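Each chain, written out:
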Amino acid sequence: MAQPSSNPTCSGTANIILRSSEDDPEHMLPHQRKAAMKKLKAARSILEIDGRTGEGGGQLVRIACAIASVITQPLRITNIRGNRDRGGGLKAQHVASIEWLARVTDAEVNGLTVGSTTLEFKPRESPATSKLFTGIHDRTVKIAADSAAASTLLIFQAIFPFLLFAGGNTGKRQDHPEHIDVEISGGTNVSFSPSYEYLDQVLLPNLEQAFGIVVERKLKTRGWNLGKMQRGTVAFRVHPIRVGDSLRLRNPTACTMKGRNRQGEDFDLEAIDVSIVAPTDMHGSLSQALVQNLGDLFPDVEVIFKPMEDSGANSRIYVLVVARSWPSDDEGAGAGAVLRWGRDILTSMPKAANSKRGKNKGDNGSSSHAGTGGMASMSESVATKVARALYDEVSTGGVVDEFLQDQLVIFQALANGLSAFPRGNSDPADDNISGPGIEEAMAALDLTDENATQGLRKDKTAEPFGEGTLHAKTARWMVSELLPNVKFYNKGKVCEGVGFAVEKP
């Protein structure tokens, strides 16, 4: 029987079966046999998931395996990424993250290969009892995806919930669980995936502000899937919550719509942060175009540029713009809360502009040789698109952007109590709320009141549901399948989490 390695580095192994010697009934004490029978009974209750449901992509797989690893729920996913026109099945980032989860949960896994359309994942150990997290010297994680194009951030998202609850009986003080150091190798700026910049400036600050989740992070090297493939590395230091504790919303007033109308005209922005990773010769024209476009759409809002970085090739152009509100001081409960909305663009210089005269000579892989006219035109195009996208997002009147909303669902579902991260711009009649519209209802909602859900309409969870993107709707459905006690109200705008906490070992 294979034993989990003390080194949690992934290597892309297929069809792993990890078992413990404790499975042998002859060597068990009575209480151990009882626990083993409980595990065996749970193993028969496998959850079947159709991977074509809703968004039908990799997000469904990540959420399913992430929660399954936390609650030791066996599952089988069929038709993986079945809604993808360019071919379904597991990708390299799924294999890397699930293989690591299998090791730390002592799981039985079948179908864990790139391109596989069916996956069985049967975890045996919880975050508190995992053998890799029983001592402070074992709390180092290294994952290297087989492909440089595999997103390091998607890998992190898949293993993050497990790490968050892996407080274990470690450290000298039980109230301060030992941190976990994580290093992931793959892509940091990859198409159709969150970038390191978005994670650093939007997702993680919001998680810390909303739930008190602390994650230190550092971009060691940048990885791209555009142009010549380049592998990057990201490092994290995760501070788990204590065993027996659960997540809880810290800034309830920051999650309501108080004082803001549907068009977002009452949002008082503090600044717009701009991150540019592009050929050096493009920095001047791109920053100028961004100042002009953002200034036209957001008058009197300060534009702050982060240190610009040379991408090393015309095929690599990345821009992130993040609008920040002034800290909220509503009734003191939300003091210091800052709303953030992010929009980014990852693109390449058209081949026709990749020469000094703008003729079609292709990307030479150097920092930049595009003509001045082509460079200025590309800069204007990128700036116009990303500035308009940010304006449209802020104008919805919601408290999160569309990408952040679906990424917060898993934490809402696991947390104790009520949380709400609405995006606004909805039709009040569509919510079947008697009385005021949804903006007014959200403004009046007191998330600290145990009776706050009275008068709200409980959502049906049999299929993807709620406001927002198909990703957000699918996320709500997926967590509802794995956590039957979670409740959503008024088209997913309000979530009543299950208050998950790992048992003390």
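The name that an unreviewed UniProt entry assigns to the protein chain is RNA 3'-terminal phosphate cyclase/enolpyruvate transferase, with the source organism given as Pseudoneurospora amorphoporcata.

**Q** Describe in detail the overall build of the protein chain, supporting the description with residues and values.
**A** Within the protein chain, the secondary structure is distributed over ten helices and 16 strands. By the burial criterion, 54% of the 505 residues in the protein chain qualify as buried. A fraction of 75% describes how many contacts in the protein chain between residues 6 or more apart in sequence connect residues 24 or more apart. Total accessible area on the protein chain is roughly 21,500 Å²; 47% of this is exposed by carbon and sulfur atoms.

**Q** For the packing of aromatic side chains, give the residues involved together with the corresponding values.
**A** Counting across every chain of the model gives eight aromatic pairs. Ring geometry for Phe156 and Phe236: centres 3.9 Å apart, planes at 15 degrees, overall stacked. One end of the pair, Phe156, is in helix α4 (residues 152-164); the other, Phe236, is in strand β8 (residues 232-239), with 80 residues separating them in the sequence. The residues Phe156 and Phe236 share a single accessibility class, namely buried. Both rings, one in Phe165 and one in Phe500, keep their centres 5.0 Å apart while their planes meet at 85 degrees; by these two values the pair is edge-to-face. One end of the pair, Phe165, is in the loop between α4 and β6 (180-186); the other, Phe500, is in the segment after β16 (494-498), with 335 residues separating them in the sequence. The pair formed by Phe165 and Phe500 is uniform in burial state, with each residue classed as buried.

**Q** Before we move on, could you go through the pairing of strand β9 (residues 269-278) and cite the residues and values that matter?
**A** Of all ten residues in β9, nine are buried; the element is thus mostly enclosed. In this sheet, strand β12 (residues 317-325) lies alongside β9 in antiparallel orientation, the contact comprising eight bridges. What sits directly across from Ile276, in β12, is Val319. The β-α-β motif built from β9, the intervening helix α6 (residues 283-297) and the parallel element strand β10 (residues 302-305) has right-handed crossover chirality. Looking at chain direction, β9 and strand β11 (residues 309-310) are connected through two bridges and run parallel.

**Q** Can you lay out the pattern of salt bridges for me, pointing to particular residues and giving the numbers?
**A** Opposite charge on two side chains permits pairing when their charged atoms draw close. For the structure on display, the rule yields 20 salt bridges. Put simply, Asp392 and Arg388 hold a salt bridge, and the shortest N to O gap is 3.6 Å. Of this pair, Asp392 and Arg388 both sit in helix α7 (residues 372-394), four residues apart, which is roughly one turn of that helix. The shortest N-O distance in the salt bridge between Glu467 and Lys493 comes to 3.6 Å. Separated by 26 residues along the polypeptide, Glu467 in the loop between α9 (438-444) and α10 (470-482) and Lys493 in the loop between β15 (487-489) and β16 bring together distant segments of the chain. For Lys493, a relative accessible area of 1% gives the class buried. Look at the salt bridges and you will find they share partners, linking Glu48, Arg76, Glu120 and Lys122 into a network.

**Q** Before we move on, could you go through the sheet that holds β15 and cite the residues and values that matter?
**A** With antiparallel pairing, three strands are arranged side by side in an open sheet as β14-β16-β15. Two strands close off the open sheet at either side, each with one partner strand: β14 (416-420) and β15. Strand-to-strand, the axes of this sheet are offset by a mean angle of 15 degrees, without reference to chain direction. Of the pairings in the sheet, the one linking β15 to β16 comprises three bridges and is antiparallel in character. Considered in β16, the bridge of Phe488 is made with Cys495. The sheet strands contacting helix α8 (residues 402-414) are β14, β15 and β16, and the helix crosses β16 at an angle near 50 degrees.

**Q** Kindly report on the packing of α8 against α10, identifying the contributing residues and their values.
**A** At a closest axis distance of 8 Å, the pairing of α8 and α10 adopts a crossing angle of 15 degrees. Between α8 and α10, the angle is such that the two are roughly parallel. For the pair α8 and α10, the sense of crossing is right-handed. Every residue of α10 that contacts α8 at Gln405, Asp406, Val409, Ile410 and Ala413 is listed here: His471, Ala472, Ala475, Arg476 and Val479. Grouping the amino acids of the contact of α8 with α10 by side-chain chemistry returns six nonpolar, two polar and two charged.

**Q** Just give me the short version of the side chain of Asn293, but keep the residues and values in it.
**A** Position of Asn293 among the secondary structure elements: in helix α6. A polar contact is formed between the side chain of Asn293 and the side chain of Thr384, at a distance of 3.3 Å. Non-local contacts of Asn293, meaning those with residues more than four positions away in its chain, are made with Glu380, Ala383, Thr384 and Ala387.

**Q** Any details on α10? Residues and values, ideally.
**A** Between its terminal C-alpha atoms α10 stretches 19 Å, which fits the 18 Å expected from 13 residues at 1.5 Å a residue. The set of residues buried in α10 consists of Ala472, Thr474, Ala475, Arg476, Trp477, Met478, Val479, Ser480 and Leu482. Against β1 (47-50), α2 (58-71), β2 (75-78), α8 and β15 lie the buried residues of α10.

**Q** Describe the packing of α2 against α4, naming the residues involved and giving the relevant values.
**A** For the pair α2 and α4, interaxial distance at closest approach is 7 Å and the crossing angle is 25 degrees. Put simply, α2 runs roughly parallel to α4. Taken as a pair, α2 and α4 cross one another with a handedness that is right-handed. Between α2 and α4, the residues in contact are Arg62, Ala66, Ser69 and Val70 and Leu154, Gln157, Ala158, Pro161 and Phe162, respectively. In terms of residue class, the contact of α2 with α4 is made up of six nonpolar, two polar and one charged.

**Q** An account of the environment of Phe465 is needed here, citing residue identities and associated values.
**A** Mapped onto the secondary structure, Phe465 falls in the loop between α9 and α10. Overall, the relative accessible area of 8% leaves Phe465 in the buried class. Counting along the chain gives twelve residues from Phe465 to Trp477, while the straight-line C-alpha distance between them is 6.7 Å. Excluding residues within four positions of it along the chain, Phe465 makes contact with Asp459, Lys460, Lys473, Arg476, Trp477, Ser480, Phe488 and Gly492.

Conventions used here
Each chain has its residues counted from 1, running along the sequence as written. With the structure being a predicted model, the display of local features is reserved for residues of pLDDT at least 70 and the display and counting of side-chain atom pairs for 80 or more, all residues being used for whole-chain, interface and lining totals. Side-chain numbers come from the whole structure's heavy atoms, not from hydrogens or water. Secondary structure elements follow DSSP: runs of H or I of four or more residues count as helices, runs of E of two or more count as strands, with numbering from the N terminus. Only protein chains enter the accessibility calculation, which uses a 1.4 Å probe. A residue is then buried if its area is under 20% of the maximum for its type, exposed if over 50%, and partly exposed in between. We call two residues in contact when some of their heavy atoms are within 4.5 Å. In this description, accessible areas are obtained by the Shrake-Rupley approach with a 1.4 Å probe, and a residue is regarded as covered only by the protein chains that are shown. Any pair of Phe, Tyr and Trp rings, taking the six-membered ring for Trp, is counted once the centres come within 6.5 Å. Such a pair is stacked with planes under 30 degrees apart, edge-to-face with planes over 60 apart, and tilted for the rest. Pairing between strands is defined by DSSP: at least two bridges between them are needed. Here, the term right-handed applies to a crossover whose path from the first strand over the helix to the second runs clockwise when the strands point away from the viewer. By convention in these notes, a salt bridge is any Lys or Arg side-chain nitrogen within 4 Å of a carboxyl oxygen on Asp or Glu. Fitted lines through C-alpha atoms serve as axes, helices being fitted only where they are in contact, and the angles separating the N-to-C directions of these axes extend from 0 to 180 degrees. Any angle from 65 to 115 degrees is called roughly perpendicular, while one under 35 is roughly parallel, one over 145 is roughly antiparallel, and all others are oblique. Two helices cross in a left-handed way if the nearer one is turned anticlockwise from the farther one by less than a right angle. They cross in a right-handed way if the turn is clockwise. Classes in brief: Ala, Val, Leu, Ile, Met, Phe, Trp, Tyr, Cys and Pro nonpolar; Asp, Glu, Lys and Arg charged; the others, Gly included, polar. A 3.5 Å cut-off defines polar contacts: any pair of N or O atoms within that distance qualifies, except that in protein one atom must be a possible hydrogen donor and the other a possible acceptor, and neighbouring residues in sequence count only when both atoms are side-chain atoms. Expected span, for any helix, means 1.5 Å times one less than how many residues it has.

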